[in-house]
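# An overview of the molecular structure
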Amino acid sequence: MRKLFYLRLALTNLRKGRNTYFPYLLSCSTIIGLFYMLHAVTMTTLTADFAGSGPVAYILLMGTVIAGMFSAVIIFYTNSFLMKQRGKELGLYSILGMEKRHIARVLLCETALTGALSLLAGMLGGMLLGRLVFLVMLDLLRLPAMLEFSVPLSSVGTTVLLFTVNFLAVMLHNLWRLRRMNPIALLREGAAGEREPRARWILAALGVVTLGAGYILALTVRTPSEAIGVFFFAVVLVIAGTYLLFTAGSIALLKLLRRNRRFYYGRPENFISVSGMIYRMKQNAVGLGNICILSTCVLVTLASTVSLYVGEEEQLRTSFYRDIEFHCDAGEDIDSRVAALVDEHAEMHHVAPKEVSQYCSLEFPAIRMRETAFSSRKEDYESGAVYQVVVLPLSDYNREAEEERSLSEGEALWASSYTDFSSWETLTMDEEIVIRLSDRVDPPAFLAGADVVDSICLVVPDREFIPFREGLASERDISYSFDFHLEGDEEDKAVFGDTLGAAGKEAGIEGVWVRSIFSSRQDFYMLYGSLLFLGIFFVILFAVATVLIIYYKQISEGYGDRGRFVIMQKVGMSRKEVRSVIGGQVLTVFFLPLSAAVLHVAVAFPVLCKVLRVFSMRNTSLFLLCTLAVILAFTVLYLFVYRATAKTYYSIVQFERT
Amino acid sequence: MPMLTANKLKKVYTTRFGGHMVQALTDVTFTVEEGEFVAIMGESGSGKTTLLNILATLDRPTEGQVLLDGMDLTAVGEGELAVFRRENLGFVFQDFNLLDTFSLEDNILLPLVLSHCPYEEMYARLSPLARDLSLTPLLKKFPYEVSGGQKQRAAVARALITGPKLILADEPTGALDSRATAQLLMLFEEIGARGQTILMVTHSARAASHAGRVLFIRDGCVFHQLYRGRMSGEDFYQKIADTLAVLCSGEGA
């Protein structure tokens, strides 16, 4: 009987607070459903056996782990937000004579109820939609919908376990909050008025510095390999800077504005907004920082995965300037031997090679030691910037680039991806080889795709090509490449590509290495398809969290503004004026994080372009288009959420009555 | 010509449910001369608050008119009401109604900022006022840092700073302790002596005894009025108390 009482009280609380609890339940269910679906899809992919399922399952598994962590954090965070709002209510219980252990029972019942409800709803929704989601993923991976999708018991188990633990943690947190609660203080909370926040100048300055450092780091990256190394640090700096500026920076700025009397007292809007914003920022800074970071994540994730997916074919072409690349060690008569092999193999598979491109090259990594010197010695690898060096004989270069250049002894043409060597007179390699740098040329087509690291291509006179190899410290062999397009039936071409390597080895050619666009195409589809699939999942997850935070912020703003609103009317502001001033503040609070997120994305754009180059994505305009489209779509969603939640806000503030 | 004239004011409310008609004011007529300090007394439900709301232009009468300095308040358009209120009326409320986001200084300056007053002039008006109300050392403090009496003094300063024709005070001592109450009433008397017209709604005989005249309202009508004349505060208080006793006993209605 008594137990039922607490349960009934908990139920009543949930029903009464549906403005706050319904969104919470909805988001918890969505998050649980999302996690279940992701887990189920991963499990199905793991057990399924299709070409390329291994890497896909690996990517999905990583994604599932990260999604699980995020889900737990979001649920935990939202709950603490909810509990903060209920301080007064719990204080009242206490005044009305409930002991803390009684309140604890109510809270226990509430958490158990919400946990059970959202688990149930989430799992049901996940099971219903799971098959559909799986089909969507197969479509993104461009696989036929032939795979069986069942309800994996392990997914059910993992999801239930994860979120039960999650809700237990939530429960413990609530009880801990209750323990520390001081009922009288809680009851008075609203009336006492909050202390004005201090301006923390040092933290504000630190925010400017960290954000600036992050931005500069992002803007000064030169090469994709550098971008990958720097990206993480830049992200950490920007996140730290964002939080510092939202918390300390905003208040410092507002206080500066308030000190400027001409500005502050000059217009009623400035006067009311500046002082109002100081309090708003104090209460909301962290939440707004969260919205900003989450929004940035959404924008970056979606823009890059979508553009990678859309640009798949183009990236393939960047990575493969010819359908098939046949590389092997150079040697006597290698060109005729390879040509004969390819012709014979092509005839066997009813395909025809065309646009053949062949060249000898010497490729090795080298370290830039001093101003004009490189070293290819292994022991120097840690001591400077790494360059990929490609040496070509002049005749091969002239043939492939359709040029008729000539070089005198000891001279070289050069091309590079990022560094400008124009000011160098000579270039010294391993202290032995000294060459004079002549004209800068465009890198030949077969090197165009290799721009992940900084590279330099040297074209040397034919008779100095072999001596260059001999003077080199690094033990690299000259390789011979025979690259071509294929004509014929799609399936024949794929089989040709897959078997050419074995045929080459059989023919006794050394160091055979074949790259085929046909087998890579599948890998690309798998990789970018699964990345996009994960991207969409994360975007939904982040969007749920963002929407939820916006909603709860609106509610808490509403309660705070109600009193202020009435007073301002009494001291001689018209309802319209008050509405526009307060509406302006609320708008600022909500669109500040979005603007900051867009700024972050804009600054990150160049470095993201570089990172995407690692995935052979070089179409900057496509990425720009995707980014703009994603920003637009997200802004529309944001506006929609804002408008929808603003209704709750206005009903709390009650603009109708004075 | 009187500063304020209330002429045959009538207010009828229709309750939201059931369309029940409630007559809050039946027929209220009175005048207030410039520089007068008038208290309005009455029981809860007597129509005091309705009357004050109408005088404050927060509400409109069903019938009758209010003239402030010869201007008909009922004829002021909805759009100009806020400006009118700001420029002609000063308010002092029971619960102070100070904004917690502003320092006392900014709370006092609020009406001037709303009227786009240049800030040099704001300060020129603020400093003598703050000195008179002994608020000078408190100006940079926030409402939650000062006592109730200090808050109410700031509210009075806010009402005075625009140089209003009329100060409307709604139970200004309701939330104050006895010492702060006495101080505030002395302050009102002083302001009144300087020629400021004040209309104060109260149900405390002690508070009303500081006024120059007391109007008693019952059942939506002016039931009686008392002039202080040359009476001492204590005598006037006694007289008000006696009148209240009669008022409450229901005789003579």
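Residues numbered from 1 in each chain as written. Chains lettered and ligands numbered in written order. Predicted model: local features only at pLDDT ≥ 70, side-chain atom pairs only at ≥ 80, totals over all residues. Heavy atoms only, no water.

## Considerations on the overall build of chain A
Along its length, chain A carries 19 helices and 10 strands. Considering only C-alpha atoms, chain A reaches an extent of 100 × 65 × 45 Å along its principal axes. Residues counted as buried form 53% of the 658 residues belonging to chain A. Accessible area for chain A stands at about 30800 Å²; split by element, carbon and sulfur atoms hold 62% of it. Computed over 62 positive and 64 negative side-chain charges, the separation of the two mean positions in chain A equals 30 Å. (Helix = DSSP H or I, 4+ residues; strand = E, 2+ residues; numbered from the N terminus. Buried < 20%, exposed > 50% of the residue type's maximum accessible area, 1.4 Å probe, protein only. Areas by Shrake-Rupley, 256 points an atom, 1.4 Å probe, with all protein chains shown as cover. Lys, Arg positive; Asp, Glu negative; His and termini not counted. Charge placed at Lys NZ, Arg CZ, Asp CG, Glu CD.)

## A look at the interface of chain A and chain B
Contact residues are listed per partner, giving 29 residues for chain A and 29 residues for chain B. The junction of chain A with chain B conceals about 2600 Å² of combined surface from both sides, 62% of it contributed by carbon and sulfur atoms. Of all residues in chain A, Tyr265(A), Lys570(A) and Val571(A) give up the largest surface area on contact with chain B, accounting jointly for 25% of the area buried on that side. At the junction of chain A with chain B, the criterion picks out 1 salt bridge. Here Glu120(B) and Arg262(A) are joined by a salt bridge, their closest N and O atoms 3.3 Å apart. (Contact = heavy atoms within 4.5 Å. Buried area = accessible area lost by both parts, 1.4 Å probe. Salt bridge = Lys/Arg side-chain N within 4 Å of Asp/Glu carboxyl O.)

## Quick word on the domain arrangement of chain A
Split by domain assignment, chain A resolves into domain 1 (1-192), domain 2 (199-316 + 540-658) and domain 3 (352-487). Computed from C-alpha atoms alone, the centre-to-centre distance between domain 1 of chain A and domain 3 of chain A is 58 Å. (Domains from an automatic or database assignment.)

## Here we look at the packing of helix H11 (residues 268-310) of chain A against helix H18 (residues 575-613) of chain A
All names here are of chain A. As a packed pair, H11 and H18 sit with axes 6 Å apart at the nearest point and diverge in direction by 35 degrees. Every pair of crossing elements has a handedness; the one defined by H11 and H18 is right-handed. Within the contact of H11 with H18, the residues separate by chemical class into 21 nonpolar, 10 polar and 2 charged. (Axes fitted to C-alpha atoms, helices over the stretch in contact; angles between N-to-C directions. Left-handed = near helix turned anticlockwise from the far one by under 90°. Nonpolar A, V, L, I, M, F, W, Y, C, P; charged D, E, K, R; others polar.)

## What to know about the packing of aromatic side chains
Residues and elements named next belong to chain A. Across all of its chains, the model carries 33 aromatic pairs over all chains by this definition. Ring centres of Phe 484 and Phe 496 lie 6.0 Å apart, and the angle between their planes is 75 degrees; on these two criteria the pair is classed as edge-to-face. A residue pair is termed long-range when its members are at least 10 positions apart, and Phe 484 in strand S9 (residues 479-487) and Phe 496 in helix H16 (residues 490-506) qualify at 12 residues. Taken individually, Phe 484 and Phe 496 each receive the classification buried, so the pair is uniform in this respect. Judged by centre distance (6.1 Å) and plane angle (50 degrees), the ring pair of Phe 634 and Tyr 638 falls under tilted. Placement of both Phe 634 and Tyr 638 in helix H19 (residues 620-653) is noted, with a separation of 4 residues, approximately one turn of the helix. Assigned by exposure class, Phe 634 and Tyr 638 land together as buried. The cationic tip of Arg 142 hangs over the ring face of Tyr 525; the distance from NZ or CZ to the ring centre is 4.2 Å. (Phe/Tyr/Trp six-rings, centres within 6.5 Å; stacked < 30°, edge-to-face > 60°. Lys NZ or Arg CZ within 6 Å of the ring centre and 35° of its normal.)

## Describing the pairing of strand S1 (residues 4-14) of chain B
Residues and elements named next belong to chain B. In this sheet, strand S2 (residues 21-32) lies alongside S1 in antiparallel orientation, the contact comprising 8 bridges. Within S2, the residue paired with Lys 11 across the bridge is Leu 25. Bridge count for S1 against strand S4 (residues 63-68) is 5 bridges, and the pairing is antiparallel. Within S4, the residue paired with Ala 6 across the bridge is Val 66. (Pairing = 2+ DSSP bridges.)

## Thoughts on helix H6 (residues 178-193) of chain B
Residues and elements named next belong to chain B. Taking 1.5 Å as the rise per residue, H6 with 16 residues should run 22 Å; its terminal C-alpha atoms sit 22 Å apart, in good agreement. Buried residues of H6: Ala 180, Thr 181, Leu 184, Leu 185, Leu 187, Phe 188, Ile 191 and Gly 192, and no others. Along the axis of H6, the buried positions cluster into a sector of 155 degrees, meaning they face one direction only. With respect to the buried face of H6, the exposed residues turned more than 90 degrees away are Ser 178, Arg 179 and Ala 193. The opening residue of H6, the one whose side-chain oxygen lies 3.2 Å from the backbone nitrogen of Arg 179, is Asp 177. Backbone geometry just downstream of H6 places Gly 195 in the positive-phi region, at approximately 100 degrees. (Expected span 1.5 Å × (residues − 1). Arc of directions from axis to C-beta. Polar contact = N/O pair within 3.5 Å; in protein donor to acceptor, adjacent residues only side chain to side chain.)

## Concerning the confidence of the model for chain B
In this model, chain B carries a mean pLDDT of 86, and residues with pLDDT of at least 70 account for 96%. Across the whole predicted complex the pTM is 0.78, and at the interface the ipTM reaches 0.78. (pLDDT = per-residue confidence, 0-100.)

## Remarks on the pattern of salt bridges
Residue and element names in this part refer to chain B. The tally for this structure, following the rule as stated, stands at 27 salt bridges over all chains. Across the pair Glu 121 and Arg 125 runs a salt bridge whose closest N-O atoms are separated by 3.0 Å. Here Arg 125 and Glu 121 lie together in helix H4 (residues 119-132), a separation of 4 residues that amounts to about one turn. A relative accessible area of 35% places Glu 121 in the partly exposed class.

## Some points on the packing of H11(A) against H19(A)
All names here are of chain A. It is at 9 Å that the axes of H11 and H19 come closest, and there the two elements cross at 135 degrees. With respect to H19, the element H11 is oriented oblique. The element H11 and its partner H19 pack so that their crossing is right-handed. From H11, Ile 291, Ser 295, Val 298, Leu 299, Leu 302, Ala 303, Ser 304, Val 306, Ser 307 and Val 310 reach across to H19, where they touch Leu 622, Phe 623, Cys 626, Thr 627, Val 630, Ile 631, Phe 634 and Tyr 638. Residue composition of the contact of H11 with H19, by class: 14 nonpolar, 4 polar and no charged. (Parallel < 35°, antiparallel > 145°, perpendicular 65-115°, else oblique.)

## Comments concerning the nonpolar core
The biggest cluster of nonpolar side chains holds 222 residues, and the ones touching the most others in it are Met429(A), Leu458(A), Phe468(A) and Ile240(B). Sorting elements by how many residues they give to this core places helix H17 (residues 517-570) of chain A first, with 24 residues. Discounting residues that sit within four places of it in the chain, Leu458(A) has contacts with Val389(A), Val390(A), Val391(A), Leu392(A), Ala412(A), Leu413(A), Trp414(A), Leu427(A), Ile435(A), Leu437(A) and Phe468(A). Residues Leu4(B), Leu25(B), Phe30(B) and Phe93(B) belong to the second largest nonpolar core, which totals 30 residues. (Core = buried A, V, L, I, M, F, W, Y, C linked by side-chain atoms within 4.5 Å.)

## Overview of the state of the cysteines
Residues and elements named next belong to chain A. Counted by the stated rule, this structure contains 0 disulfides over all chains. Of the cysteine sulfurs around Cys 328, a residue in no disulfide, the closest is that of Cys 360, at 8.7 Å. Between Cys 457, a free cysteine, and Cys 360, which holds the nearest cysteine sulfur, the sulfur-to-sulfur gap is 14 Å. (Disulfide = S-S within 2.5 Å.)

## Notes on H4(B)
Residue and element names in this part refer to chain B. When the terminal C-alpha atoms of H4 are compared, their 20 Å separation across 14 residues agrees well with the 20 Å that a helix rising 1.5 Å per residue should span. Of the positions making up H4, those classed as buried are Met 122, Leu 126, Leu 129 and Ala 130. Those residues of H4 that are buried lie in contact with helix H3 (104-114) and helix H5 (148-160). Just downstream of H4, Ser 134 is the residue with a positive phi angle, here 45 degrees.

## What about a nonpolar patch on the surface?
Residues and elements named next belong to chain A. Taken together, the side chains of Tyr 58, Met 62, Val 65, Ile 66, Met 69 and Phe 70 present a nonpolar region at the surface, about 590 Å² in accessible area. Relative to the helices and strands, Val 65 resides in helix H3 (residues 53-85). Of the residues examined, Val 65 reaches a relative accessible area of 52% and is grouped as exposed. (Patch = residues over 30% accessible without salt bridge, like charges linked within 9 Å, V, L, I, M, F, W, Y side chains within 5 Å.)

## Section: the confidence of the model for chain A
Counting all residues, the mean pLDDT for chain A is 84, and 96% of those residues have values of 70 or more. The least confident element of chain A is helix H7 (residues 183-192) of chain A, whose mean pLDDT is 58; the most confident is helix H8 (residues 201-219) of chain A, at 93.

## Brief notes about the pairing of strand S3 (residues 37-41) of chain B
All names here are of chain B. Among the 5 residues of S3, 5 are classified as buried, and the element is accordingly described as predominantly covered. With burial as the criterion, each face of S3 is covered, one bearing Phe 37, Ala 39 and Met 41 and the other bearing Val 38 and Ile 40. One ladder, built from 5 bridges, connects S3 with strand S8 (residues 197-202); its direction is parallel. Paired with Phe 37 across the bridge in S8 is Ile 198.

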